[in-house]
Amino acid sequence: MAMESQLLLSPITALEFIGDHLLSGEGPVLHVYGLKQKTARALRHSQSVLRNHHIHGIKPCGLFPANTEGSLLAVFGGKGLIVLQLHTDDEEVNLRDISGFHQLPDWIWDLQWLKDGVGLTLYLALALGHNSVVLYDYMEHQTLREVHCSEKCILYSAHFVGDIWNELLLVAGTVFNELVVWHMNDLVDGQGNTKPRRRIGGHKGVIFSICYLESKGILASASDDRSLRLWKVGDLQGAETPVQSLLVLYGHQSRVWSVKLLHDCILSIGEDSACIVWSYKGDIMHTFKGHKGRSIRALAVHERHDMVATGGADAGIRLWQLKAEPSSGSALTQLNVSGLKGSPKAVKLVDAVCLLVMTDAGSIYTYDVISKQWAFVLEDINYQSYSLLDVIKLPDSTVLCAIGSIMGYVKIFAIGVNQDVKEVRVHEGKVHSLTWVSLQSKDSQLFNLFSSGPSGVMVWLEVPCSFGLLGEMRERGRYCLPLCKQRWHTCVAFIPKEDLIVCGDRRGSLLLYKVGEQTSGQSVSDSTIEAPAEEPVSLLFGVHGKMGVTSLSCRDGLVYSTGRDGCYREVKVEDGQLKVLRKQKPCKGMDWIEKLIFTLDGNLLVMGFQSTDFILWSTVTNEKLHSVPCGGGHRSWGFSSTHSSEIFVYIKSGGICVYESTTADNSQSVLKESLHGRELTCVRHAGSITVKGEHINILVTSSEDTTMNVLAFNESSNKMSHLAVVNDHISSVRTLAVVKSNNRKEDSSTCSPVLFSAGGRAEIECYRLLISHGSDGEDLRCQVVHLASHRLDEHWDRMKNKHKLLKMDSETRYMSLAVVDGGEHGVGSLPSVPCMFLAAACSDGSVRIFLMSETAQKLLLIGESFHHRRCVLKVAVIVQSFADGERSWGSMFDRLCSPVWH
């Protein structure tokens, strides 16, 4: 039975704008994307056109205006060529084959549409891989003329100049790192080969791309030596003029694949996944980053719309807004603090235009970013030398501030029309932390302040405030924090629609408390410091490591926590207990995550620190939106963002620095989601669901980039959508195994398979994928729940002074996995629990057997065999069925098949 390809995901190797559409080459498949409406950009048509060749070039015919029948375009790659007619309207997109498929004798490096002397007939000029040019009649499949250059060598690039055969000229990038310029009608040598007009050298590597801008008389080339070179060559088709070297540009971190010359700027893409915009003075105007992995392969420019499209080896397509000037203006300034009493010790941003500063003299000041004016608020010598400050902006624009002292006092004051002040002693000793927490309640005039003291007690104060007038404060509860060296809270959040409070502390723990009714309404003046404190009903001790939890936020029934371990976690409250569903590491090198920002357009921004730089990272576009060299996050700082501007303020060397950035809209949009940044290693079918009569398959892919993607493939529309990305592995993911859910209904709208992943560093991870669709039946959702993990050298990671020891075992890699659902299985007198058996083929010549219990969330190594002497590449499981229908586990393990490569 013949098999037909339904969908291909591969590197983007060609891009071209035609009108309001973008054409992309992905393998032999040509895709057409509509770009008329920014909110409705989508794939409109796909068609396999080049058989077994990859598309490397799309050339529309610009000699005649497009007629009602559509635009004529040539598609080529490898040795393949086809001419198509593209017809687009509001109803449909159609690609009609004009010429049929052509197989050429050599690789095609460039193609040019030509017209005859009368201008009625169209031909094609083809630059072939060994420095020859063919005049080709694509309708008759005939070679009309073939011209060879006397410089016979392999080409790495070529570029045509001219649209008539008698005036046609070729600039060829040879294997000898030089540009050879030759004309079709120039003099020939004794063997009938055309002599070159010019040779242009300078590169120290092969030349991958050539571009010529006739209006400026400039020739540009991109090379393996990581450079771009620009030459002043004048009119290449006219009289020969001396070649003048204009610029040598170094900005890419790796090889440069392509260069394009525009009227106002220069564009280049490279193996470092960067698209750089240069000025003709040699300055870098923009650097567009967002593709995963190591390369951008294709580049297209729509000059009328100031739009750039890039296609990567990650199978993704990005659209960038191109402007002559930078799209955002940013400035880093240091404020004049000479008029302040004392040195600044704490700074908080009230909003994007106002910041609050506390000095070591106990003075409070505000600073207006627009008017650049300081304003004195208050001074209290009892709060000097210890600057603990937190602030919240109320719905009526009043600003509530709280400061803590070393003697246990908390002073609360308002900044606005009425500046009321209240002070209360909450602790017997030093106030370690203060946190304002907003609560959506019926009484919008009550605000919540949490403070921690030296005895590990967190106090909840309810502060009434109306237009700057403070009412009588009431203590709502006291909560005991777990014993540790640094015993104070760092963040607090209310669980929506439940009488629960979740808290993060300096030790990296997450705690869950019940809201006590017995202390509700108790006045602060009536409370006692020795009042009993409530214990947590649930505790995840040290889940974020020893450096602490930094923020908590609630969204869609989940709690998101961030920490200074470089990860953020999804936590669920289930039966009154905290349960970690999964952890994610958004950006490589970001070892301190401070906060998550959920935007209205569905983007998730991660705010944190990468070494000594403040970073704002977009998880959707996979790029750094801002990077400020502030010195690290251990200093006092603040960040505020609006739809049009961002401001970051921090204290450094006794001064206050302000970073301001004004950005209109994000210059990048994702037209096609990326898959993986490096080689794909495994694909598994994880199940299927039915939504509105459409059958959707769930696929999981893994890669050497340490990530896994959960994808949904719609059989009706042949479209693929991304559901989730899992990035828990510390090394490459080489193999996957799936236990599909037992739901066998044909119209099942949910599925919940168990996924095992394994790879380098002898690491195995286990997840439960909860896949369903929304109430509207449109959007699919995938909740990834982490069940268990296992590493052979976990004891080594926990060992102290391991730098003094020699690690004897090598880094084992898991090469293959096989899993079988064990059903209900008991051990000895223990009750039966659901379990799964996992077999792993290892690079150290062993086959290891694991037992996975989802109830206990444990992955246990129960056996291993070193029968093989070399790397085991594959393992499979054969389950033997007996007459009574029961499976024998002993027989199953006896039949573990593990072919080995010798």
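Scroll up for the structure.
Reading guide: rules and limits
- In this numbering scheme, every chain counts its residues from 1 along its sequence in written order.
- Since the coordinates come from a predicted model, pLDDT governs what is reported: local features require at least 70, and pairs of side-chain atoms require 80 or more to be given and counted, while whole-chain, interface and lining totals use all residues.
- With hydrogens and water stripped out, all remaining heavy atoms of the structure feed into the side-chain values.
- Helix and strand definitions here come from DSSP, where helices need a minimum of 4 consecutive H or I residues and strands a minimum of 2 consecutive E residues; each element is numbered from the N-terminal end.
- Buried means the residue's accessible area, taken with a 1.4 Å probe over protein chains only, is under 20% of the maximum for its type, while exposed means over 50%, and partly exposed covers the values in between.
- Whether two residues are in contact is decided by their heavy atoms: any pair within 4.5 Å suffices.
- Any two strands are treated as partners once DSSP identifies two or more bridges connecting them.
- Interaxial angles span 0 to 180 degrees and are taken between N-to-C directions of axes, which are lines fitted to C-alpha atoms, for helices over the stretch in contact.
- In plain words, nonpolar cores are sets of buried Ala, Val, Leu, Ile, Met, Phe, Trp, Tyr and Cys residues tied together by side-chain atoms within 4.5 Å.
- Here a patch means residues that are over 30% exposed by relative accessible area and free of salt bridges, tied together within 9 Å if like-charged and within 5 Å if nonpolar (Val, Leu, Ile, Met, Phe, Trp, Tyr).
- Residue-level accessible areas treat just the shown protein chains as cover; the underlying method is Shrake-Rupley with a 1.4 Å probe.
- Should a side-chain nitrogen of Lys or Arg be within 4 Å of a carboxyl oxygen of Asp or Glu, the pair is scored as a salt bridge.
- Polar contact is the term for a pair of N or O atoms within 3.5 Å; when the atoms are in protein, one must be able to donate a hydrogen and the other to accept it, and sequence-neighboring residues count only if both atoms are side-chain atoms.
- To pair, rings of Phe, Tyr and Trp, with the six-membered ring standing in for Trp, must have centres within 6.5 Å; the planes then decide the type, stacked if under 30 degrees apart, edge-to-face if over 60, and tilted in the middle.
- Note on terminology: pairs of cysteine sulfur atoms within 2.5 Å are recorded as disulfides.

Caption draft 1: Up close: the overall build of the protein. Scanning the protein for helices and strands turns up 2 helices and 71 strands. The buried share among the 902 residues of the protein stands at 53%. At a minimum sequence separation of 6, the contacts of the protein that also span at least 24 residues come to 47%.

Caption draft 2: The side chain of S732, seen in detail. Its place among the elements puts S732 in the loop between β63 (719–726) and β64 (733–739). Residues in contact with S732, not counting those within four places in the same chain, are S703, E704, T706, G759 and G760.

Caption draft 3: Seen up close, the sheet that holds strand β14 (residues 155–161). Overall, antiparallel pairing links the 4 strands, which are arranged β14-β15-β16-β17 in an open sheet. Edge positions in the sheet fall to β14 and β17 (198–201), since each has one partner strand and no second. This sheet shows a mean twist of 20 degrees between the axes of neighbouring strands, independent of strand direction. Bridge analysis of strand β16 (residues 178–183) against β17 gives 4 bridges, and the strand direction is antiparallel.

Caption draft 4: Region of the structure containing the nonpolar core. Among the nonpolar cores identified, the biggest contains 33 residues, and F756, Y814 and M852 are the most heavily contacted of them. The greatest single-element share of this core, amounting to 4 residues, is contributed by strand β69 (residues 833–842). Excluding its chain neighbours within four sequence positions, the residues that come into contact with M852 are F756, C766, L787, A788, P834, C835, M836, Q857, K858 and L859.

Caption draft 5: Looking closely at a nonpolar patch on the surface. Side chains of I154, Y156, V175 and F176 sit close together on the surface and give an oily, nonpolar patch of about 360 Å² of accessible area. Relative to the helices and strands, I154 resides in the loop between β13 (142–148) and β14. For I154, a relative accessible area of 46% corresponds to the partly exposed category.

Caption draft 6: Spotlight on the side chain of S509. The residue S509 is located in the loop between β44 (500–505) and β45 (510–514) in this model. S509 sits in the buried class, given a relative accessible area of 0%. Of the polar contacts made by the side chain of S509, one reaches the backbone nitrogen of G542; its length is 2.8 Å.

Caption draft 7: A look at the environment of G282. Within the secondary structure, G282 sits in the loop between β24 (274–278) and β25 (284–289). When near neighbours in sequence (up to four residues on either side) are disregarded, G282 contacts L247 and L249.

Caption draft 8: View of the packing of aromatic side chains. In the structure shown here, the tally under the stated rule is 21 aromatic pairs. With a centroid separation of 4.7 Å and 15 degrees between ring planes, the pair formed by F288 and W320 is classed as stacked. Here the residue F288 occupies a position in strand β25, and W320 occupies one in strand β28 (residues 317–321), the gap between them amounting to 32 residues. A residue is classified by how much of its surface remains accessible, and W320, at 1% relative accessible area, is buried. Taking the centre distance of 6.3 Å and the plane angle of 80 degrees together, the rings of Y814 and F850 count as edge-to-face. Taken as a pair, Y814 in strand β68 (residues 814–825) and F850 in strand β70 (residues 847–853) lie far apart in primary sequence, 36 residues in all. Judged by relative accessible area, Y814 falls into the buried class, the value being 0%. By relative accessible area, F850 is classed as buried at 0%. Three or more aromatic residues link up through ring pairs in this structure, and these residues are W592, F609, F614, W637, F639, F648 and Y650.

Caption draft 9: Looking closely at the sheet that holds strand β62 (residues 708–714). Taken together, the 4 strands give an open sheet; going across it, the order is β60-β61-β62-β63, and neighbouring strands pair in antiparallel fashion. Of all the strands in the sheet, the pair left with one neighbour each is β60 (680–691) and β63. In this sheet, adjacent strand axes meet at a mean angle of 25 degrees when their direction is disregarded. Strand direction decides the pairing type here: β62 and β63, joined by 7 bridges, are antiparallel. Bridging across to β63, V710 finds its partner in A724.

Caption draft 10: Broad picture of the pairing of strand β36 (residues 409–415). Of all 7 residues that make up β36, 6 are buried, and the element is covered over most of its length. Bridge analysis of strand β35 (residues 399–404) against β36 gives 6 bridges, and the strand direction is antiparallel. Bridge pairing in β36 links I403 to K411. Linking two consecutive strands that pair antiparallel, namely β35 and β36, is a turn of 4 residues; a positive phi of about 95 degrees is found at G408 within it. In the sheet, β36 pairs with strand β37 (residues 421–425) via 5 bridges, with the strands oriented antiparallel. Looking at the pairing, F413 lines up with V421 of β37.

Caption draft 11: Inspection of the pattern of salt bridges at higher detail. Tallied over the full model, the rule gives 22 salt bridges. When the shortest N-O distance is used, the salt bridge between K341 and E379 registers 2.7 Å. Of this pair, K341 sits in the loop between β29 (328–334) and β30 (344–349) while E379 sits in strand β33 (residues 373–379); the two residues are 38 residues apart in sequence, bridging distant segments of the chain.

Caption draft 12: Structural view of unusual backbone geometry. Of note in this structure, N177 is not a glycine but carries a positive phi near 65 degrees. Position of N177 among the secondary structure elements: in the loop between β15 (169–174) and β16. We classify N177 as partly exposed; its relative accessible area is 22%. The phi dihedral of S397 falls on the positive side, at around 75 degrees, and the residue is not glycine. Examined against the element boundaries, S397 turns out to sit in the loop between β34 (388–393) and β35. With relative accessibility at 48%, the residue S397 sits in the partly exposed group.

Caption draft 13: Focus on the environment of F413. Mapped onto the secondary structure, F413 falls in strand β36. For the pair F413 and L469, spaced 56 residues apart in sequence, the C-alpha separation works out to 9.0 Å. Discounting chain neighbours no more than four positions away, the residues touching F413 are I364, V377, L378, V399, L400, C401, I403, D420, V421 and L470.

Caption draft 14: Up close: the pairing of strand β66 (residues 763–773). The buried fraction of β66 is high, at 8 of 11 residues. Inspection of the sheet shows strand β65 (residues 754–759) paired to β66 by 5 bridges, in the antiparallel sense. Looking across to β66, one finds that S757 is bridged to E765. Counting the residues that bridge the hairpin from β65 to β66 gives 3 residues, and of these R761 lies at a positive phi of roughly 60 degrees. Note: β66 against strand β67 (residues 780–791), 11 bridges, orientation antiparallel. The residue bridging R768 from the neighbouring strand is V785, located in β67.

Caption draft 15: Representation of the environment of H643. The residue H643 is located in the loop between β56 (637–641) and β57 (645–652) in this model. In this structure H643 comes out as exposed when scored by relative accessible area, which is 73%.

Caption draft 16: Representation of the state of the cysteines. Evaluation of the coordinates by the stated rule reveals 0 disulfides. In this model C265 remains outside any disulfide bridge; the closest cysteine sulfur is found in C275, 9.4 Å from its own.

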